[in-house]
Amino acid sequence: MIRRLSSGVALVAMLTVGLVSQSQAAYYGDFAGSSISFRDVQDVNGLYGVPVVQANSLVFTPMNFEIDCASSATCPPTPATVDDILLFDVETDPGISIERIVVNEEGTTLLDDFDLPGAFAATTVVGNVFIDVTALNGVAITGLNLNAQMNFTSLGTYDTLTEGNGTHLWSGVLAVNIDDFLAANGYPDARATGITVSLANTLTAYAANGAVASIRKEEVRGLAVKVIPEPGTALLMGLGLAGLAANRRRRC
């Protein structure tokens, strides 16, 4: 019997505005949750930081995931950019499946044109999530994959003309229903028991004519994959029959 899970991902990062530090790839290995396992967790540029497990959540502490236009010798005229990719596999315990993944991301952006003539500052954030289904009902499978772009406040673009001067909060969200994806691709009765997740983030800052611009991921939780089990069909049927039997006994 497969019990369905609701799986959620939240991304938030803690950073300090300034120059981007030298980045390098980081491999964190495997982590065991309450009813799932995270395998081969790795970070292409090392900006997400070392993860820890909380129940069925994989939580990261970000490392300098930020960009300031002043940190680039070519900004302006070219925007300054920083990006990173987080990769990991999710495997469920026996009798468990993954129903849904939700990605939430938060951060801040600093914009200031100091009311100077012709000054302008802008920042952007982009988040793409790629998911490969690697196992259905415990059996390995290939060729089932999807990708989606996160939806951010202000469409992920922030500037002094629209937001005004100061520090502004931004956030993004993406919800992916794995069951619906499987049904739409010819597997209406199957349940995902293994997936590979890739999260790609890009931050961009631009400032001209004396303005300043920076953008960063904010603190608190980093990235968390939450798994919430639900009863399977067979279990629900058994509970229903038990309830009918109890009602008969009360009527007798």
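Residues numbered from 1 in each chain as written. Predicted model: local features only at pLDDT ≥ 70, side-chain atom pairs only at ≥ 80, totals over all residues. Heavy atoms only, no water.

S.K.: Can you help me understand the confidence of the model for the protein in this one?
M.R.: Reading fine detail from the predicted coordinates is not recommended where pLDDT is low. Of the residues in the protein, 77% have a pLDDT of 70 or more, and the chain-wide mean is 82. Across the protein, strand β12 (residues 157–159) holds the top mean pLDDT of 98, while helix α2 (residues 233–251) sits lowest at 44. The model gives residues 7–22 a pLDDT under 50, and that stretch makes 77 contacts with residues more than four places away or in other chains. In the predicted structure, residues 230–249 sits below a pLDDT of 50 and forms 11 contacts with residues beyond four places in sequence or in another chain. (pLDDT = per-residue confidence, 0-100. Helix = DSSP H or I, 4+ residues; strand = E, 2+ residues; numbered from the N terminus. Contact = heavy atoms within 4.5 Å.)

S.K.: Any chance you could explain unusual backbone geometry here in plain terms?
M.R.: Most peptide bonds are trans, and most residues other than glycine sit at a negative phi. The omega torsion across Cys 75 and Pro 76 is -15°, close enough to zero to call that bond cis. With respect to the helices and strands, the residue Pro 76 is situated in the loop between β6 (66–68) and β7 (80–92). Residue Pro 77 is reached from Pro 76 by a cis peptide bond, and omega for that bond is 10°. Inspection of the secondary structure assignment puts Pro 77 in the loop between β6 and β7.

S.K.: Even after reading the chapter, I still don't get the pairing of strand β13 (residues 166–177), so can you show me in this structure?
M.R.: If a strand is regular, its side chains alternate between the two faces of the sheet. In the sheet, strand β8 (residues 100–112) pairs with β13 via 12 bridges, with the strands oriented antiparallel. When the sheet's bridge partners are listed, Val 103 is paired in β13 with Leu 174. Relative to β13, strand β11 (residues 151–152) is paired through two bridges, and the arrangement is antiparallel. If you follow Asn 151 over to β13, its bridge partner there is Val 173. (Pairing = 2+ DSSP bridges.)

S.K.: Explain the packing of aromatic side chains here, please?
M.R.: Aromatic ring pairs are described here by two measures, namely the spacing of the ring centres and the angle between the planes. Under the definition given, this model contains three aromatic pairs. Measuring from ring centre to ring centre gives 6.1 Å for Phe 38 and Phe 88, while their planes differ by 70°; the resulting arrangement is edge-to-face. You can see Phe 38 sitting in strand β3 (residues 36–43) and its partner Phe 88 sitting in strand β7, a full 50 residues away along the chain. Its relative accessible area of 0% is what places Phe 38 among the buried residues. (Phe/Tyr/Trp six-rings, centres within 6.5 Å; stacked < 30°, edge-to-face > 60°. Buried < 20%, exposed > 50% of the residue type's maximum accessible area, 1.4 Å probe, protein only.)

S.K.: Help me understand the environment of Ala 192 in this model?
M.R.: Residue position: Ala 192 is located in strand β14 (residues 192–208). Separated by 92 residues in sequence, Ala 192 and Arg 100 place their C-alpha atoms 9.8 Å apart. Those residues in contact with Ala 192 that lie beyond four places of it in its chain are Thr 92, Ser 97, Ile 98, Val 133, Ala 135, Leu 136, Ile 178 and Leu 182.

S.K.: What is the right way to look at the nonpolar core in this model?
M.R.: Grouped burial of nonpolar side chains is what soluble globular proteins tend to show. In terms of nonpolar packing, the biggest core is built from 53 residues, with Val 133 and Ile 195 touching the most fellow members. Excluding its chain neighbours within four sequence positions, the residues that come into contact with Ile 195 are Phe 88, Asp 89, Val 90, Ile 98, Ile 101, Ile 131, Asp 132, Val 133 and Thr 134. (Core = buried A, V, L, I, M, F, W, Y, C linked by side-chain atoms within 4.5 Å.)

S.K.: Looking at this structure, how should I read the side chain of Asp 68?
M.R.: One can find Asp 68 in strand β6. Separated by 2.9 Å, the side chain of Asp 68 and the backbone nitrogen of Ala 70 make a polar contact. (Polar contact = N/O pair within 3.5 Å; in protein donor to acceptor, adjacent residues only side chain to side chain.)

S.K.: Explain the pairing of β7 to me, please; I cannot follow it from the model alone.
M.R.: Taking every second residue as pointing to the same face, the buried face of β7 carries Ala 80, Val 82, Asp 84, Leu 86, Phe 88, Val 90 and Thr 92, while none of Thr 81, Asp 83, Ile 85, Leu 87, Asp 89 and Glu 91 on the other face is buried. Relative to β7, β3 is paired through six bridges, and the arrangement is antiparallel. In the strand pairing of β7, Ile 36 is matched with Thr 92. Direction of pairing for β7 relative to β14: antiparallel, over a ladder of 12 bridges. Within the sheet, the bridge partner assigned to Asp 89 lies in β14 and is Thr 196.

S.K.: I tried to follow the pattern of salt bridges on my own but got confused; where do I start?
M.R.: A side chain with one charge can pair with a side chain of the opposite charge if their charged atoms come near. Per the stated rule, a full pass over the model turns up four salt bridges. Arg 39 is paired through a salt bridge with Asp 30; the nearest N and O atoms lie 3.7 Å apart. Between Lys 217 and Glu 105 there is a salt bridge, with the nearest N and O atoms lying 2.0 Å from each other. With Lys 217 in strand β15 (residues 212–217) and Glu 105 in strand β8, this residue pair connects regions lying 112 residues apart in the sequence. Accessibility assignment for this pair places Lys 217 and Glu 105 in one class, buried. Overlapping salt bridges, with partners in common, bring together Asp 30, Arg 39 and Glu 91 in one network. (Salt bridge = Lys/Arg side-chain N within 4 Å of Asp/Glu carboxyl O.)

S.K.: Looking at this structure, how should I read the environment of Phe 31?
M.R.: Summarising the element assignment, Phe 31 is placed in strand β2 (residues 26–32). By relative accessible area, which is 17% here, Phe 31 ends up buried. Measuring from C-alpha to C-alpha, the distance between Phe 31 and Val 41 comes to 8.2 Å, with 10 residues separating the pair along the chain. Among residues more than four places away in sequence, those in contact with Phe 31 are Ser 37, Phe 38, Val 41, Pro 51, Val 53 and Leu 58.

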